[in-house]
Amino acid sequence: VLPFDNRTGQPSLEWIREAAAALLSSRFTSAGFAPMGRADRLYALDHLGLPQGFQPSRASALKLAQMLDADSIVVGNYITDGSTLIAEGRIVDVPHMRMSAPVTARGEMKDLIAVFDSLAWKLTRQLDPGFNVAEETFVAAGANVRLEAFEQYIRGITESDQAERLRHLQQAVKLDPGFAPAWMALGRE
């Protein structure tokens, strides 16, 4: 899952790029797939001589996927019209070089996690039409995570300055003491 394109025109929402990839990867894992994580993606970018914040074109995304020996990649974007978030994702079949029709999910900005969980469910159904978990069940998996804590977690794992990484991760665990990924990232830091 590649970071989504920020089509909001708002730099303050840039953190959602990586949040989309993290949420979708997490839900794909729970659905039985084996998505590559952020560390694998950063390794591939480094191996290709590209910076961590590189926003690949579709051609670059395919090259990256081929390098990672991925069967499929997920690309997408998000926009907002005030309080509503609209996320769109597509699956790229790497060996056959085919892109699926776009799949969208929408909801209030305050429900960002549920929006991306819903998108993950729809994409999972494209990847595996026999997937028989109800959308409500799939979306409920992220219901216990506080959005503010999740934002601080994402800002913490993507920040280049170590002091800022620590500050964001400490804020994430303070906002949601039960948020295990933030504790793990803080421990690694």
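Residues numbered from 1 in each chain as written. Predicted model: local features only at pLDDT ≥ 70, side-chain atom pairs only at ≥ 80, totals over all residues. Heavy atoms only, no water.

1. Observations regarding the environment of T29
Phase 1: Considering the arrangement of structural elements, one finds T29 in helix 1 (residues 15-30).
Phase 2: T29 sits 16 residues away from L13 along the chain, and the two C-alpha atoms are 25 Å apart. (Helix = DSSP H or I, 4+ residues; strand = E, 2+ residues; numbered from the N terminus.)

2. Details of the nonpolar core
Phase 1: By size, the foremost hydrophobic cluster in this structure holds 42 residues, and its most contacted members are L24 and F116.
Phase 2: Of all the secondary-structure elements, those providing two or more residues to this core are helix 1, strand 2 (72-80), strand 3 (84-93), strand 5 (103-108), helix 4 (112-127), helix 6 (147-158), helix 7 (162-175) and helix 8 (180-188).
Phase 3: One finds A44, L64, A65 and V94 within the second-largest nonpolar core, a separate group that totals 14 residues. (Core = buried A, V, L, I, M, F, W, Y, C linked by side-chain atoms within 4.5 Å. Buried < 20%, exposed > 50% of the residue type's maximum accessible area, 1.4 Å probe, protein only.)

3. Quick look at the packing of helix 7 against helix 8
Phase 1: Where helix 7 meets helix 8, the axes come as close as 9 Å, and the angle between the chain directions of the two elements is 145°. Our pair here, helix 7 against helix 8, has a crossing hand that is left-handed. Residues L166, L169, Q170, A172 and V173 of helix 7 form the contact with helix 8, whose participating residues are A182, W183, A185 and L186.
Phase 2: Split by residue class, the contact of helix 7 with helix 8 holds eight nonpolar, one polar and no charged. (Axes fitted to C-alpha atoms, helices over the stretch in contact; angles between N-to-C directions. Left-handed = near helix turned anticlockwise from the far one by under 90°. Contact = heavy atoms within 4.5 Å. Nonpolar A, V, L, I, M, F, W, Y, C, P; charged D, E, K, R; others polar.)

4. Looking at the packing of aromatic side chains
Two aromatic rings, taken as a pair, are described by how far apart their centres are and by the angle between their planes.
Phase 1: All told, the structure shown has six aromatic pairs when counted by the stated rule.
Phase 2: When the ring of F131 is compared with that of F138, the centres are 5.6 Å apart and the planes differ by 80°; the resulting orientation is edge-to-face. With respect to class, F131 is no different from F138; both count as buried. (Phe/Tyr/Trp six-rings, centres within 6.5 Å; stacked < 30°, edge-to-face > 60°.)

5. Digging into unusual backbone geometry
Phase 1: Here the phi dihedral of M97 falls at roughly 50°; this positive angle occurs in a residue that is not glycine.
Phase 2: Mapped onto the fold, M97 is located in the loop between strand 3 and strand 4 (98-99).

6. Quick word on the pairing of strand 2
Phase 1: Counting buried positions along strand 2 gives seven out of nine residues, so the element sits mostly inside the fold.
Phase 2: Bridge count for strand 1 (residues 5-6) against strand 2 is two bridges, and the pairing is parallel. Residue N6 lies in a different strand from strand 2, and its bridge partner there is Y78.
Phase 3: Taken together, the nine bridges between strand 2 and strand 3 define a ladder with antiparallel strand orientation. Paired with T80 across the strands is L85, a residue of strand 3. (Pairing = 2+ DSSP bridges.)

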